[in-house]
Amino acid sequence: MNSKLLQNIGIGEIDPAYFIITLLVISLGLLIYIIVTNLKIKKLTNKYEIFMSGKDGKSLENVIAKRFSQVDELIARDAKKDVMLKEIQENLLTVYQKVGIVKYDAFNEMGGKLSFALAMLDKENTGFVLNAMHSREGCYTYIKEIIKGESFIVLGEEEKIAVEKAISVDNFME
């Protein structure tokens, strides 16, 4: 069977049955695509109707406005927390963070290591060393200033060890 139309198109040698079958397969594919697309649209429409049920444009606008105000509140709280964190970080620079303590017997006749040297330093190794010497007559306490790990007053052996422990932040108690 020869068709003038197919010959004019340039596919006159092809059997028209093959051409018709090809068109039917393409049509069937398009039909399946349309059905799948319609099912997806139906699901989306159902979800939209559930979302919009009981709501009109005004109430939906109120819900959205409420959410935006909540977001604004969260942003304001976050800004306050940033300021508080900055203050905390600044305060941490002056807080005593490093501790070193040495217990010792100040006098040979006393036992139990009741005397101690306590060094407390900040991040810059500035602070003080407190020396408490316990004897039978009483307890004597001395404090010496430490600036950047150094003292302008001569330190006793136990005081030096306490300062070194605080600087190195090793085992702070002996």
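Caption draft 1: Representation of the environment of Ala 76 within the structure. Considering the arrangement of structural elements, one finds Ala 76 in helix H3 (residues 57–92). Ala 76 sits in the partly exposed class, given a relative accessible area of 38%. With 13 residues separating them along the chain, Ala 76 and Gln 89 place their C-alpha atoms 20 Å apart.

Caption draft 2: Region of interest: the sheet that holds strand E3 (residues 127–134). Reading across the sheet, the 4 strands line up as E1-E2-E3-E4 and stay open at both edges, with antiparallel pairing between neighbours. Sheet topology places strand E1 (98–104) and strand E4 (139–146) at the edges, where each strand pairs with a single neighbour. With direction set aside, neighbouring strand axes in the sheet form an average angle of 10°. As judged from the 7 bridges shared by E1 and strand E2 (residues 115–121), these two strands associate in the antiparallel manner. Bridge assignment links Lys 103 to a residue of E2, and that residue is Phe 116.

Caption draft 3: Broad picture of the confidence of the model for the protein chain. In the predicted model, the protein chain carries a mean pLDDT of 85, and 90% of its residues have values of at least 70. Mean pLDDT across the elements of the protein chain ranges from a minimum in helix H1 (residues 4–9), with 76, to a maximum in E2, with 93. For the stretch residues 170–174, pLDDT sits under 50, and the model shows 13 contacts to residues farther than four places along the chain or on other chains.

Cut-offs used in this document
Residues numbered from 1 in each chain as written. Predicted model: local features only at pLDDT ≥ 70, side-chain atom pairs only at ≥ 80, totals over all residues. Heavy atoms only, no water. Helix = DSSP H or I, 4+ residues; strand = E, 2+ residues; numbered from the N terminus. Buried < 20%, exposed > 50% of the residue type's maximum accessible area, 1.4 Å probe, protein only. Pairing = 2+ DSSP bridges. Axes fitted to C-alpha atoms, helices over the stretch in contact; angles between N-to-C directions. pLDDT = per-residue confidence, 0-100. Contact = heavy atoms within 4.5 Å.

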